[in-house]
Amino acid sequence: MRSNSKILLIYTGGTIGMMQDVKSGDLKPLDFNQLFEQLPELKRFNLDIDTYTFEPIDSSNVTPDLWVSLATLIFEKYHHYDGFVILHGTDTIAYTASALSFMLENLKKPVILTGSQLPIGVLRTDGKENIITAIQIGADKDVNGESIIQEVAIYFEYKLFRGNRSIKYSANHFDAIQSPNYPPLAEAGIDIEYNKNALWRNTNTNELRIYTQLCNEISILHLFPGIDVKILERQYKDLDIKGLILRTYGSGNAPTQKAFLDFIKYLIDKGIVVLDVTQCLQGSVELGKYETSKYLKDIGVISGGDMTLEASVAKLMYLLGKEKDWNKVKDMLVKNLRGEKSY
Ligand code: ASP
C-alpha cells in the first residue's frame, strides 16, 4: 500500500448500510453520512479517500442503469484515483461485478466490490473488515508502482475473487461469495497474499474504454424433469427476445425429445442467440460429450463453458448491445474476454 494512493469509495446500498426499522423490524438503507459515522476507522488510513454516493438501494432493485452509472463514474474519474471500492448489496453483487468487467475494457486499476451479511452498526458485523481490506487492496501497488489488481473483483470474508467468476453462494454465512471455477485472487490473513498467477493482465497498452449499450432483451430457461414444451411454446411464442440462456443439466445436457429440440431450433431460427449454461455450480458445459448435448450443438446452441450464470447474463447483455452482427456475438460468447471462462 502506498500512503499517497487515492481511493474513490462508492456507496450503492445493501445490508452493509442498513439499519433495522424500530416499528416494522425491516432492514432499510441508511444514508451515506449515517453509514460513515459507523466507520471512524477510515480516518486512520494513510490514504486519500473520497466518497461518492448513489441513492442507497437493496441490491435486489439493481438494474443495468446502475451498471451504466457506475461504469461512467469510474471512466470519468479513472485518472484521478488509484483504485475504486464499491459498497454493494450481496444479492446481486456478482451480476454488477460481471457487468462492470465487460463494460470497462483495458482496465488497469482495481475496482473492488464489497458488502456484508450483517449491517455495519451491528456488533458482530462482517462489514468493517470487508471495507477496510477492500480499500487496502484497492490501494496496493507492486514494486514498480503498478496496481496489483487490474480488474473487477469482489472482496468478501478474507478472500478476493474475480468478479465475473463469483456467485452469491450463501444467504446466511459470512463467506457468502464464492468462485467455484477459479481460485481466489488473494487471501487476507496477517498479510494479504496475492495469487500472482491468477491475476488478470491486459496485454495491450490501450486506454480504458467503456461500453454502456446493454441489451436486456434476454431470458433464462431453467430445465427440470417434466418440463412441458406446450407451456414453453405459449411462453415464448410472442416474446421479443434476442438472447436466451438455457440452464441445462451437468455438462450441458438437455432432453432429446423431438418436441423440445424443435422448440429450441424454432428459437434459433427466429434469430435468438441460445447460450448453454449448466445448472451445476462447478465444472463446464461440453457440448457433444453426451448424446443429450450433441443435438443442441447440431442445431446451433452456443456453449457457455464454465461461465457462471451471472457472467453469462452480463456478457450476453454486453455483446447484444455492442454488436449488430449476431454471428459476431456468437463468436465472442465462446471467447474468453475478461477472464470469465477457462477456455
Ligand atoms: N438484500 C441485501 C442486498 O443485496 C442483502 C445484502 O446486502 O447482503 O442489498
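Note: the structure precedes this text.
Participant: Provide a residue-level description of the environment of D126, including the pertinent values.
Facilitator: Relative to the helices and strands, D126 resides in the loop between β7 (111–114) and α4 (127–139). Note: C-alpha distance between D126 and L104 (22 residues apart in sequence) is 29 Å. Among all residues touching D126, those that are not within four sequence positions of it are S116, Q117, L118, F156, E157 and F174.

Participant: If you had to explain the site of the ligand to someone new, which residues and values would you point to?
Facilitator: Around the ligand lies a shell formed by G14, T15, D58, S59, G89, T90, D91, S116 and Q117. Here an oxygen atom of the ligand sits 2.5 Å away from a polar atom, N or O, in the side chain of S59. Between the ligand and S116 there is a distance of 3.2 Å, counted from an oxygen atom to a backbone nitrogen or oxygen. Counted by class, the shell around the ligand contains no nonpolar, 7 polar and 2 charged residues.

Participant: Provide a residue-level description of the sheet that holds strand β17 (residues 273–278), including the pertinent values.
Facilitator: A sheet is described by the order of its strands in space; here 4 strands give the open sequence β15-β16-β17-β18, paired in parallel fashion. Edge positions in the sheet fall to β15 (218–222) and β18 (302–303), since each has one partner strand and no second. Sheet analysis places β15 next to strand β16 (residues 243–248), joined by 5 bridges and oriented parallel. If you follow I220 over to β16, its bridge partner there is I245.

Participant: Go over the sheet that holds strand β12 (residues 186–188), please, and point to the residues and values.
Facilitator: Spatial ordering of the open sheet is given by β4-β1-β5-β7-β8-β9-β12-β13, a layout of 8 strands whose pairing is mixed. What marks the edges here is a single partner per strand, and that holds for β4 (48–57) and β13 (192–194). Adjacent strand axes in the sheet meet at a mean angle of 20°, parallel and antiparallel pairs treated alike. Both strand β1 (residues 6–13) and β4 contribute to a ladder of 7 bridges, which runs parallel. Note that in β4 the partner of I10 across the bridge is Y52. Its contacts with the sheet place helix α3 (residues 93–103) against β5 (83–87), β7 and β8 (152–156), and it is angled at close to 155° to β8.

Participant: Residue-level account of the side chain of R247, with values.
Facilitator: In this fold, R247 is placed in strand β16. No salt bridge is formed by the buried R247; the nearest opposite charge belongs to E310, separated by 6.5 Å. Polar side-chain contacts of R247 include one of 3.2 Å to the backbone oxygen of T278. Not counting chain neighbours up to four residues away, the residues in contact with R247 comprise I220, L221, H222, L223, V277, T278, Q279 and L309.

Participant: Can you explain helix α5 (residues 229–236)? Please cite residues and give values.
Facilitator: Inspection of α5 places V229, L232 and Y236 among the buried residues, and these make up the whole buried set. Buried residues of α5 fall within an arc of 55° about the axis and therefore sit on the same side. Within α5, the exposed residues directed more than 90 degrees away from the buried face are K230 and R234. The inward-facing, buried residues of α5 abut β15, β16 and α6 (258–269). By the N-cap criterion, in which a side-chain oxygen at the helix start approaches the backbone nitrogen of a residue two or three places on, α5 is capped by D228, the distance to K230 being 2.8 Å.

Participant: Which residues make up the pattern of salt bridges, and what are the values?
Facilitator: Two side chains with opposite charge may pair up if their charged atoms get near one another. For the coordinates displayed, the defined rule picks out 14 salt bridges. We note a salt bridge from E41 to K128, for which the minimum N-O separation is 3.1 Å. Taken together, the positions of E41 in the loop between α1 (32–37) and β4 and K128 in helix α4 put the pair 87 residues apart, joining distant regions of the chain. Judged by relative accessible area, which is 24%, K128 ranks as partly exposed. We note a salt bridge from D82 to K141, for which the minimum N-O separation is 2.7 Å.

Conventions and cut-offs
- Residues numbered from 1 in each chain as written.
- Predicted model: local features only at pLDDT ≥ 70, side-chain atom pairs only at ≥ 80, totals over all residues.
- Heavy atoms only, no water.
- Helix = DSSP H or I, 4+ residues; strand = E, 2+ residues; numbered from the N terminus.
- Contact = heavy atoms within 4.5 Å.
- Near = heavy atom within 4 Å.
- Polar contact = N/O pair within 3.5 Å; in protein donor to acceptor, adjacent residues only side chain to side chain.
- Nonpolar A, V, L, I, M, F, W, Y, C, P; charged D, E, K, R; others polar.
- Pairing = 2+ DSSP bridges.
- Axes fitted to C-alpha atoms, helices over the stretch in contact; angles between N-to-C directions.
- Buried < 20%, exposed > 50% of the residue type's maximum accessible area, 1.4 Å probe, protein only.
- Lys, Arg positive; Asp, Glu negative; His and termini not counted.
- Salt bridge = Lys/Arg side-chain N within 4 Å of Asp/Glu carboxyl O.
- Arc of directions from axis to C-beta.

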